[in-house]
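# Fold and geometry: a report
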Amino acid sequence: MKREEVFNFSAGPSVLPTEVLEIAGKDILNYGGSGMSVMEMSHRSKVYLEIFESTKSKMKSALSIPDTHEVLFLQGGASLQFSMIPMNLMHELGKGKADYAVTGNFATIATKEAKKYGTVNIAASSEDKNHTYIPKQSDLKLSPDADYFYYCANNTIYGTEWQYVPETGNVPICCDMSSNILSKPVDVSKYGIIFAGAQKNMAPAGLTVVIIDKSLAGKEMSCTPLMMSYQRMIEKDSMYNTPPCWNIYMLGLVLDWLGKQGGVEGMEKIKKEKAALLYDFLDNSKLFKACAEPGSRSDMNITFRTGDEEKDAGFCKGASAKGLTNVKGHRNVGGMRASIYNAMPIEGVRKLVEYMKEFEVSNCV
Ligand SMILES: *Cc1c(COP(=O)(O)O)cnc(C)c1O
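The rules we used
Along each chain, the written sequence defines residue order, and numbers are assigned to residues from 1. With pLDDT at 70 or above as the cut-off, local features in this predicted model cover only qualifying residues; side-chain atom pairs require 80 or more to be listed or tallied, and sums for whole chains, interfaces and linings still use all residues. Only hydrogens and water are removed before side-chain values are computed, so all heavy atoms of the structure are retained for them. Helix and strand assignments follow DSSP, with helices taken as H or I runs no shorter than four residues and strands as E runs no shorter than two, numbered in order from the N terminus. To get the radius of gyration, use the C-alpha atoms; to get the globule rule, take the number of residues to the power 0.38 and multiply by 2.2 Å. With a 1.4 Å probe rolled over the protein chains alone, any residue whose accessible area is under 20% of its type maximum counts as buried; one over 50% counts as exposed, and the rest are partly exposed. The criterion used for residue contact is that any of the two residues' heavy atoms lie within 4.5 Å. Only strands that DSSP links by at least two bridges are regarded as paired with each other. Inter-axis angles, ranging from 0 to 180 degrees, are taken between N-to-C directions of lines fitted to C-alpha atoms, where helices are fitted over the stretch in contact. One heavy atom within 4 Å of a molecule or strand makes the whole residue count as near it. Here a polar contact is recorded for every N or O atom pair within 3.5 Å, except that within protein the pair must consist of a potential hydrogen donor and a potential acceptor, and residues adjacent in sequence are included only if both atoms are side-chain atoms. Under the convention used here, a 1.4 Å probe and the Shrake-Rupley method define accessible areas, while residue burial counts only the protein chains that appear. By the convention adopted, Pro, Cys, Tyr, Trp, Phe, Met, Ile, Leu, Val and Ala count as nonpolar, Lys, Arg, Asp and Glu as charged, and the other residues, Gly among them, as polar. Note that the domain bounds were set by an automatic or database domain assignment. Summed over both partners, the accessible area lost on bringing two parts together, with a 1.4 Å probe, is the buried area. Any carboxyl oxygen of Asp or Glu that lies within 4 Å of a side-chain nitrogen of Lys or Arg is treated as forming a salt bridge with it. Cavities and pockets are found on a 1 Å grid laid over the protein atoms alone: a cavity is a set of points where a 1.4 Å probe fits but cannot escape, a pocket is an open set with protein on both sides within 12 Å along at least five of seven lines, and a lining residue has an atom within 4 Å of such a point. Grid points are joined across faces, edges and corners, and a volume is the space filled by probe spheres set on the points. Residues belong to a common nonpolar core when they are buried Ala, Val, Leu, Ile, Met, Phe, Trp, Tyr or Cys residues joined through side-chain atoms within 4.5 Å. Roughly parallel means an angle under 35 degrees; roughly antiparallel, over 145; roughly perpendicular, 65 to 115; everything else is oblique. In this scheme the handedness of a crossing depends on how the near helix is turned from the far one: anticlockwise by less than a right angle means left-handed, clockwise means right-handed.

Below, the discussion takes up the overall build of the chain. Per the secondary structure count, the chain includes nine helices and 14 strands. By the compact-globule yardstick of 21 Å for 365 residues, the chain fits well, its C-alpha radius of gyration being 21 Å. Taken along its principal axes, the extent of the C-alpha atoms in the chain is 65 × 55 × 30 Å. In the chain, which comprises 365 residues, the proportion classed as buried is 55%. The long-range share in the chain, meaning contacts at least 24 apart out of those at least 6 apart in sequence, stands at 68%.

This brings us to the sheet that holds strand β14 (residues 336–339). One open sheet holds the three strands; their spatial order is β11-β12-β14, and the pairing between them is antiparallel. For this open sheet the edge positions go to β11 (289–290) and β14, each flanked by a neighbour on one side alone. Pairing of strand β12 (residues 301–305) with β14 involves four bridges; the strand directions are antiparallel. Note that in β14 the partner of Phe 304 across the bridge is Met 336. Helix-sheet contacts for helix α7 (residues 263–284) involve β11, β12 and β14, and the interaxial angle to β12 is about 15°.

Bringing the site of the ligand into the picture now. Taken together, 13 residues lie around the ligand, and Ser 79, Thr 156, Asp 176, Gln 199 and Lys 200 are the ones closest in. Here an oxygen atom of the ligand and a side-chain polar atom of Thr 156 are 2.5 Å apart. Here an oxygen atom of the ligand and a side-chain polar atom of Lys 200 are 2.5 Å apart. Here the ligand has 390 Å² of accessible area as a free molecule, and 86% of this is covered by the chains. Here the shell around the ligand takes four residues from helix α3 (residues 77–89), the largest share from any one element. Across the shell around the ligand, the residue classes tally to four nonpolar, seven polar and two charged.

Before going further, it helps to examine the domain arrangement of the chain. If you check the domain split of the chain, you get domain 1 (21–259) and domain 2 (263–363). Taking only C-alpha atoms, the centre of domain 1 and the centre of domain 2 are 27 Å apart. Across the domain 1/domain 2 interface, buried area totals approximately 2100 Å², and carbon plus sulfur atoms make up 51% of it. On inspection of domain 1 and its partner domain 2, the count reaches one salt bridge. A salt bridge links Glu 293 to Lys 129, with the shortest nitrogen-to-oxygen separation between them at 3.7 Å. Linking domain 1 with domain 2 are 14 residue pairs in polar contact (both at pLDDT 80 or more). When contributions to the side of domain 1 that touches domain 2 are tallied by element, the ones reaching two or more residues are β7 (160–161) and α6 (245–260).

Tallying each qualifying case throughout the model produces one cavity of 30 Å³ or more. Approximately 50 Å³ is the volume attributed to the largest cavity. Contributing to the lining of the largest cavity are Val 15, Leu 16, Pro 17, Lys 200, Asn 201, Met 202, Val 254, Trp 257, Tyr 341, Asn 342 and Ala 343. Here the lining of the largest cavity is built from residues that sort into eight nonpolar, two polar and one charged. For the lining of the largest cavity, the two domains that each supply at least three residues are domain 1 (21–259) and domain 2 (263–363).

Another aspect to go through is the pattern of salt bridges. Oppositely charged side chains can form a pair if their charged atoms are brought close together. All told, the structure shown has 15 salt bridges when counted by the stated rule. Residues Lys 58 and Asp 256 are paired through a salt bridge, measuring 3.1 Å at the closest nitrogen-oxygen approach. Of this pair, Lys 58 sits in helix α2 (residues 46–62) while Asp 256 sits in helix α6, and the two are 198 residues apart along the sequence. Assessed through its relative accessible area of 24%, Lys 58 is described here as partly exposed. It is possible to trace a salt-bridge network through shared partners that takes in Lys 56, Glu 70 and Asp 237.

This part takes up the nonpolar core. Formed by 53 residues in total, the largest nonpolar core has its most connected members in Met 59, Leu 182 and Met 202. In terms of residue count, the dominant contributor to this core is α6 (10 residues). Once you skip the residues sitting within four places of it in the chain, Met 202 turns out to touch Leu 16, Met 59, Ile 181, Leu 182, Ala 196, Gly 197, Val 209, Met 250, Leu 251 and Val 254.

Moving on, we come to the environment of Ser 298. By the element assignment, Ser 298 lies in the loop between β11 and β12. Separated by 292 residues in sequence, Ser 298 and Val 6 place their C-alpha atoms 23 Å apart. Within the structure, the side chain of Ser 298 is placed 2.9 Å from the backbone nitrogen of Asn 301, a separation counted as a polar contact.

Once that is clear, we can look at the packing of helix α1 (residues 18–26) against α6. One can describe the packing of α1 onto α6 by two numbers: an axis separation of 9 Å at closest approach and a directional angle of 135°. Looking at the two axes, α1 sits oblique to α6. Between α1 and α6 lies a crossing whose hand is right-handed. Residue-level contacts link Glu 19, Val 20, Leu 21, Ile 23 and Ala 24 of α1 to Trp 246, Tyr 249, Met 250, Leu 253, Val 254, Trp 257 and Lys 260 of α6. Tallied by class, residues from the contact of α1 with α6 come to 10 nonpolar, no polar and two charged.

In structure tokens form, the structure reads like this:
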């Protein structure tokens, strides 16, 4: 298939803007007259440091990150943050305490990981309804003396998204934004730590962006590996060791593209329009049903099903044949999932809805 014939709804790694890939392709052998690829440069070279610094400053301006916070470019995926957060913020092994909201698969893993290091209080859980909703502020059982409160802003597998920033008083908030970062404005000052694996909305897999309130760093457990100390990475400007150079360059290109879409404000308008196309259709469909409850629905990962596994499978097969790829839901949920990250053009969503209409007509008697 040609690229033009495919709309890739993969949950991650996921679609990147074609324009970004074209620039990267043009630069692949010789970046900016340096005679070499970005992949081949010393991370300490002048030409690379310019890429690094400009990407960092584009990230800061894209999310209006205040000077109280540092941007780190790390590795180990979003998953390594599940361990880094308790090791750095609980201070002493077995002595710390944190509140976790369990709203899906990744929050569950993060909770299990944190329990290795200290006391974990489940502030809320949506497991009773198979993670189809987000708990309300009034449902959160918060500990005023917790080292931090943890939640996952967008549940990639279940297709739910927090529509509010929890109020936690003086307790710092740590948030996994892997699958919705850069899709809307965020008040970074409300957060202690925001982190995101790059492969959903930012860049190829291999880079994790961490935005951290600097006052939280430097009090890690004494057993914390050097590579997992926020303080060390802040002091070394993410270059304690070789950073994921190529991915950082790619993020810079994606941020240039984002700027042309009107930044996160522009992106928010576009993503709302895209998600509304799908949810409006689903809410009026005789065949398909959205999985997530209204008021908790994700604008990035839209989960739905027919209620009949055979029809779901037929739908996914037919979608692939039309170039609408990767719409099969995660095995924990079944059904379908359309991941419509920033780089998914609205034409892709229109095509998907068109196909859903056709499928409905031929499968409803
Ligand atoms: C994909 C994803 C992860 C896991 O990311 P890795 O980079 O594979 O570790 C964690 N949290 C969320 C919300 C995700 O979407």
